[in-house]
Amino acid sequence: LTSGAHFSVNLLAAGQQEVAEAFGGQRVAKGVARFAFGGWYRSENEVPLLSGVNAAFECQVAELHDFATHHVVIGAIHDVRLPDVSAPAPQRIEG
């Protein structure tokens, strides 16, 4: 990632372990081949977003820091996508 680039953070739902394994290096897939796992689509900013997640954050790189062997990316959130579910009707609890 470079300064000003857009990226996403996807909070995986139950049943998306294959995606976690692919992006966590536990599968043979590398680079763009990891996107074969899960149902991906692109936002208006061409950011890859994963379908069926608990939440997806579309971000833009605000800061980049090197720390030991890692690159730390600080992102500014520009959009939040939540699943389209209706809230359950309130229930009265007796007791």
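A few points on the structure. Keep in mind it's a predicted model, so treat the numbers as computed, not measured. (Residues numbered from 1 in each chain as written. Predicted model: local features only at pLDDT ≥ 70, side-chain atom pairs only at ≥ 80, totals over all residues. Heavy atoms only, no water.)

### Topic: the overall build of the protein
A count of helices and strands for the protein gives one helix and five strands. Residue burial in the protein is summarised as follows: out of 95 residues, 22% are buried. For the protein, contacts bridging at least 24 residues in sequence account for 49% of all contacts bridging at least 6. Split by element, the accessible area of the protein, about 7,100 Å² in all, is 55% carbon and sulfur. (Helix = DSSP H or I, 4+ residues; strand = E, 2+ residues; numbered from the N terminus. Buried < 20%, exposed > 50% of the residue type's maximum accessible area, 1.4 Å probe, protein only. Contact = heavy atoms within 4.5 Å. Areas by Shrake-Rupley, 256 points an atom, 1.4 Å probe, with all protein chains shown as cover.)

### Notes on a nonpolar patch on the surface
A contiguous nonpolar patch, built from Leu1, Leu64 and Val73 and spanning about 260 Å² of accessible area, is present on the exposed surface. Mapping valine 73 onto the fold places it in strand β5 (residues 70-81). Overall, the relative accessible area of 31% leaves valine 73 in the partly exposed class. (Patch = residues over 30% accessible without salt bridge, like charges linked within 9 Å, V, L, I, M, F, W, Y side chains within 5 Å. Salt bridge = Lys/Arg side-chain N within 4 Å of Asp/Glu carboxyl O.)

### Re the pattern of salt bridges
For the structure shown, the criterion picks out six salt bridges. Glutamate 18 is paired through a salt bridge with arginine 27; the nearest N and O atoms lie 3.8 Å apart. Its salt-bridge partner being arginine 81, residue glutamate 44 comes within 3.1 Å of it at the nearest N-O pair. With glutamate 44 in the loop between β2 (40-42) and β3 (48-50) and arginine 81 in strand β5, this residue pair connects regions lying 37 residues apart in the sequence. Note on glutamate 44: relative accessible area 67%, which makes it exposed.

### Considering the sheet that holds β5
The sheet built from three strands is open, its strands ordered β1-β4-β5 with antiparallel pairing. Of all strands in the sheet, those bounded by a partner on one side alone are β1 (6-11) and β5. Sheet twist, expressed as the mean angle between neighbouring strand axes with direction ignored, is 45 degrees. In this structure, strand β4 (residues 55-67) lies alongside β5, joined through 11 bridges in antiparallel fashion. Paired with phenylalanine 67 across the strands is histidine 70, a residue of β5. (Pairing = 2+ DSSP bridges. Axes fitted to C-alpha atoms, helices over the stretch in contact; angles between N-to-C directions.)

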